Each structure stands twice: as structure tokens, then as C-alpha cells.
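Fold and geometry: a report
One-letter residues, chain by chain:
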Amino acid sequence: MDKISSLDKLQLLRKQMQYQHIDAFIAMSADPHLSEYLPEHWKIRAWLTGFTGSVGTIVVTQNFAGLWVDGRYWIQAEQQLLHTGFDLQKQTQEESSTHLYWLTKNLPAHARISINAHAISVQHYDVLQHLASKNHFELVTHLDLIAEIWENRPTLPQQAIYEVKQNINHLSRVDKIKKIRQQLN
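Keep in mind it's a predicted model, so treat the numbers as computed, not measured.

Take the packing of aromatic side chains next. Enumeration over the complete set of coordinates arrives at five aromatic pairs. Pairing F51 with Y73 gives two aromatic rings, centres 5.6 Å apart and planes at 90 degrees, and the pair type is edge-to-face. Here Y73 lies in the loop between β3 (65–69) and α3 (74–80) and F51 lies in the loop between α2 (44–49) and β2 (57–60), a separation of 22 residues in the sequence. Overall, Y73 belongs to the buried group, its relative accessible area being 12%. A centroid spacing of 4.3 Å and a plane angle of 20 degrees characterise the contact between F64 and W102, whose relative ring orientation is stacked. With F64 in the loop between β2 and β3 and W102 in helix α4 (residues 99–106), the pair connects residues that are 38 residues apart, well separated along the chain. Here F64 and W102 have matching classes, each one buried. Taken together, the ring pairs in this structure connect F64, W68 and W102 into an aromatic cluster. Here the basic side chain of R153 rests over the ring of W42, its NZ or CZ set 5.8 Å away from the ring centre.

Bringing the nonpolar core into the picture now. L13, F25, L48, V60, F86 and I146 are the most contacted members of the largest nonpolar core, which totals 28 residues. Filtering out sequence-adjacent residues up to four positions away, F86 remains in contact with L10, L48, T49, I58, V60, A65, G66 and L81. The next biggest cluster of nonpolar side chains, apart from the first, holds 19 residues, and it includes A24, W68, F137 and L139.

You will see that H21, though not glycine, has its phi angle at about 60 degrees, which is positive. Here H21 shows up in the loop between α1 (6–20) and β1 (24–28). Its identity as a non-glycine residue notwithstanding, L34 has a phi of 55 degrees, on the positive side. Here L34 is to be found in the loop between β1 and α2. What makes L34 partly exposed here is its relative accessible area of 48%.

With that settled, consider the side chain of N116. The residue N116 is located in the loop between β5 (112–115) and α5 (122–135) in this model. Here H118 takes part through its backbone nitrogen, which lies 2.8 Å from a polar atom of the side chain of N116. In contact with N116, other than residues within four places in its own chain, are W42, T141, L143 and D144.

Next up on the list: the pairing of β5. Pairing of β1 with β5 involves three bridges; the strand directions are parallel. Residue pairing for β5: I26 is matched across the bridge by I115. The pairing of β5 with strand β6 (residues 138–140) spans three bridges and is parallel. Of the residues in β6, the one forming a bridge with I113 is L139. Read as a crossover between parallel neighbours, the route from β5 over α5 to β6 is right-handed.

Rules behind the numbers
Residues numbered from 1 in each chain as written. Predicted model: local features only at pLDDT ≥ 70, side-chain atom pairs only at ≥ 80, totals over all residues. Heavy atoms only, no water. Phe/Tyr/Trp six-rings, centres within 6.5 Å; stacked < 30°, edge-to-face > 60°. Helix = DSSP H or I, 4+ residues; strand = E, 2+ residues; numbered from the N terminus. Buried < 20%, exposed > 50% of the residue type's maximum accessible area, 1.4 Å probe, protein only. Lys NZ or Arg CZ within 6 Å of the ring centre and 35° of its normal. Core = buried A, V, L, I, M, F, W, Y, C linked by side-chain atoms within 4.5 Å. Contact = heavy atoms within 4.5 Å. Polar contact = N/O pair within 3.5 Å; in protein donor to acceptor, adjacent residues only side chain to side chain. Pairing = 2+ DSSP bridges. Right-handed = clockwise from strand over helix to strand, strands pointing away.

Structural data, given as C-alpha cells:
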């Protein structure tokens with residue numbers, strides 16, 4: 001079990017942000033493969049906040065820390081965020097309830113926003129890049145601020161890869177690669 005509290009982790013993250021001149025840190029429930037079930041190494045949101053739901057986005061600044069979740073997780077998040085320094089942000093269908101909207105309303109022009117490039121989809125990156133361009137923000141994608149503060153972080157998975165048996169998927173591995181090559185051409 002992790003002996004350091006969420007408040008202490010938040011303080012360490014903010015120190016790292018200051019050192020790197022980062023105004024806002026974003027972490028989502030994601031890994032480089034956009035897996036549905038994350039390996040322990042990529043459970044950054046859960047490690048920082050204690051929130052164990054499967055989906056959520058955190059934003060941290062020097063004077064704010066929030067967790068955005070949809071209605072499925074409001075009760076759970078409210079309970080698990082007690083005394084963590086993170087505020088529950090209830091995300092709905094309204095654009096004004098998103099972390100993106102919050103960033104536009106709360107960050108100054110030229111703010112530097114850190115997000116790990118290994119844990120974001122191309123689509124979400126494009127949305128963030130558009131937001132950054134429109135609001136004169138800078139996206140910083142090369143830093144892994146969590147690696148600097150998460151002692152004894154679980155290692156990346158080392159299991160051998162295996163091929164799924166034929167006839168389980170509609171297309172074979174070879175057919176999928178052919179389709180990708182056709183799209184690239």
C-alpha cells in the first residue's frame with residue numbers, strides 16, 4: 001500500500017510543475033495503447049487521487065486540483081476524494097462542465113499545459129492543440145512529471161505478446177495490416 005497521502009503527492013507534483021514551469025497538468029485514464037483496462041504503471045489518476053473508477057480526467061494547477069467524471073461516478077468520487085486536495089467536477093453533456101472549458105476560463109494566455117504524449121489519443125491531442133492555439137496556450141507533451149515523483153511505480157508490463165486464435169476476430173492480423181497499408185497509401 002502507498003504510504004504517501006494524496007495531499008503529499010499533490011504537493012510533490014506542484015513542486016515538479018514549478019520546476020518545469022508548467023501551469024497546468026492533465027492526466028486521463030489512458031496508456032499508449034488506449035487500453036480499456038490499464039496496467040498499474042499507467043493508473044496515474046488513481047495513484048494521485050485515490051479515485052478507483054475506470055474513467056476520469058484530472059487537472060492540477062498551483063491553486064486547484066480537480067477530477068472530472070460523469071454521473072456514473074459522482075457518488076464514488078465524492079467519497080474517495082475526501083481529504084485528497086482534489087475537487088469533484090461533475091461532467092455532464094454541457095460543454096461548460098468539461099475540463100477543456102475549465103482550462104479556457106481559468107488559465108492565462110501563454111499558460112504551459114503538460115500532458116503525457118504517450119497517454120493521449122490523436123483526436124484528444126487535436127482538440128487540445130486547437131484549444132491551445134485559440135487561447136495562446138503551450139502544450140508540453142515531452143514531460144512525464146509523474147515519473148519524477150512516483151517512487152516504486154509499477155514497471156511497464158513485461159508479458160510476452162501472443163496472437164489471438166484465428167476465426168475469433170473478423171479479420172486476421174495479416175488482413176488488418178493490409179488494410180492499414182491501403183489506408184496509408
